Amino acid sequence: MIQPRGMLAAPGHPDAPSATGTGLAAGHPAAADPAPSGHGDGTLPEIRALLVDAVTEAAHRATALGHPVIAVVNYLTDPIDPIRAFQLAGSSAMGFFERGTLALPADPQGTLSTPYLAYVAYDSGTGSPGCTSVTGTGWTPDHLGPPHPASGAAGTDLSSGTGPSGPTGEVFAPIRAWHSHFRDAVCRSTRDVPASHDQGPLAFGGGAFDPSAPRSALWSAFPAALFFVPRILLTRTTAGTTIGLHVLVRDRAQGLADAMEVERMANSWLLRIASQPELAPMDDKDPGIILRDGQPAEQWREIVARLAGEIRAGAMRKVVLARSVHATGTRAFVAADVLRRLRVAYPAALRFAIPRGNQVFVGATPEYLAEVNHGAFTTMALAGTAPRGTTPDEDAALGLELLHNAKQIAEHAIVTEMLRTTLAPLCATMQVGATGWPGAAPQLLRLANVQHLQTPIAGQLMAGRSILDLVAALHPTPAVGGMPRVAALAAIRAAEGMDRGWYAGPVGWVTPDGDGAMAVALRSGLLNGQTATLFAGCGIVGASDPDREWEESRLKLQAMLSGIGLEEAPR
């Protein structure tokens, strides 16, 4: 499709591109080439007019505020499979998040959890006039200029203290400090965009499990923390699919030029999707995959026994010990294929993929760290694991045994107690479990290969608090770190002998109002060409048995082993 290289101008202006000269490849009758069908009621002239309007207002705000302002235009398009969109974004893919079917049990009315939600973040990675792109990661917080003061045009500053703070508090400080800038964004949507899609810029990202731990070459492409705002965002829910065009505006001339570049990028991406609307068949599973434990089994069991002894002696109450498995294939592991297998096997999980250069961090986690919508929050205590049965009767028996297993109940209670006490200073109201605290019995969360003990927690945050406050206070929870936190992290650094990187760290998204969702990156692995490093962890308490913990880690590793095409974890 021929794209004009001039500057966007308001419809009717002598410099405005004609309806046949450009477009967002959504099948408008004036489009010059075949394209995806369906803008709904949002015509190409309407989208262009909204872009010009949003950029113009953003330029005025940028001048008044003294920092760049993001302009956003959302429009509706035909249904798009987000995995296909991610696959066809190629090296320009910045991130993929797909919630699946799980509605958190703390939210029985479904007011927080969308039954199906997917984001695909896309960026050219080449930069554009007046807007620097950092290694293909869109705009990081420092591109928005200095943070707002504690009070001002943007309202409450979200960088204030949070009470208890985990190691992510410091590395997430940039996104917390600059988050108020997102509120300055100018957002426009076509008439057909449903309210659930009418959104401003979202910041996507995450961070390492323990930013203070020594780093290894394995995770060299992933910084301690990273958040980005993509130029183009595909949002898919049960209501349809929207494309969000994002322009970082310093002045009107630069903003209009960048708007046309973003339009061109979106057009090119959608044309690729339209030309290949269906996911291609996956390659046959690689029969030549070789697995190697990151740590010998006997050595890992010895560490479990030693930590359990230290816990019995009172050094700490719980520590989560992780291990890794290295897979080498005869051909490269394809992130989109891994996501497709995880979607089938774990439809309720949050599936994610975050590319960085040649590496992709990918997984399907059952655990949300927290979710916030208009100040209402939901989270969960998730600890205690048992296998699934091969028959309904066996499955029920294993679940009942888990609900009455003293070791598992004790481990779960540690996590629940920590969440309750940590959240209390941030909350106006809080309910622990289905019946409230105390005496809230855990529920079963059944996944494809394991079942967990789960206690839902929900409530209302105090005014001015956000999803970032919850992340700073909660991570790492005892479910992935231990308790007390400082002692457990010290034990992990000394005993594991590996770099967790972003495994078990927080990943997700944040809205301009401080809402959003952050998950714990469990059941995950790092793909790098023909190699993949997969991770799993087990909660160690005084009653832990090394052989049973090894078996539990095998069960948890099965999620990612099936993702790369293997049927069963080696013993």
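Up top is the structure.
The structure displayed is predicted, hence computed values, not measured ones.

### Thoughts on the overall build of the chain
- The helix and strand inventory of the chain stands at 12 helices and 22 strands.
- Within the chain, buried positions represent 60% of all 571 residues.
- Within the chain, contacts between residues at least 6 apart in sequence are counted, and of these 76% link residues at least 24 apart.
- Total accessible area computed for the chain in this model is approximately 20600 Å², and 56% of it derives from carbon and sulfur atoms.

### Looking at the pattern of salt bridges
- Under the criterion given, the structure shown has 28 salt bridges.
- Among the salt bridges present, the one from Arg306 reaches Glu310, with a minimum N-O distance of 3.2 Å. Taken together, the residues Arg306 and Glu310, both in helix H6 (residues 297-312) and four residues apart, mark about one turn of the helix.
- Residue classification places Arg306 among the partly exposed positions, given a relative accessible area of 41%.
- Its relative accessible area of 29% is what places Glu310 among the partly exposed residues.
- Note that Lys556 and Glu552 form a salt bridge whose closest N and O atoms lie 2.8 Å from each other. Separated by four residues within a single helix, Lys556 and Glu552 lie in helix H12 (residues 546-563), roughly one turn from each other. With respect to burial, Lys556 and Glu552 carry one shared label: buried.
- Look at the salt bridges and you will find they share partners, linking Asp53, Glu57, Arg61 and Arg188 into a network.

Each value, and the rule that gives it
- Residues numbered from 1 in each chain as written.
- Predicted model: local features only at pLDDT ≥ 70, side-chain atom pairs only at ≥ 80, totals over all residues.
- Heavy atoms only, no water.
- Helix = DSSP H or I, 4+ residues; strand = E, 2+ residues; numbered from the N terminus.
- Buried < 20%, exposed > 50% of the residue type's maximum accessible area, 1.4 Å probe, protein only.
- Contact = heavy atoms within 4.5 Å.
- Areas by Shrake-Rupley, 256 points an atom, 1.4 Å probe, with all protein chains shown as cover.
- Salt bridge = Lys/Arg side-chain N within 4 Å of Asp/Glu carboxyl O.

Shape descriptors only; they carry no functional weight alone.
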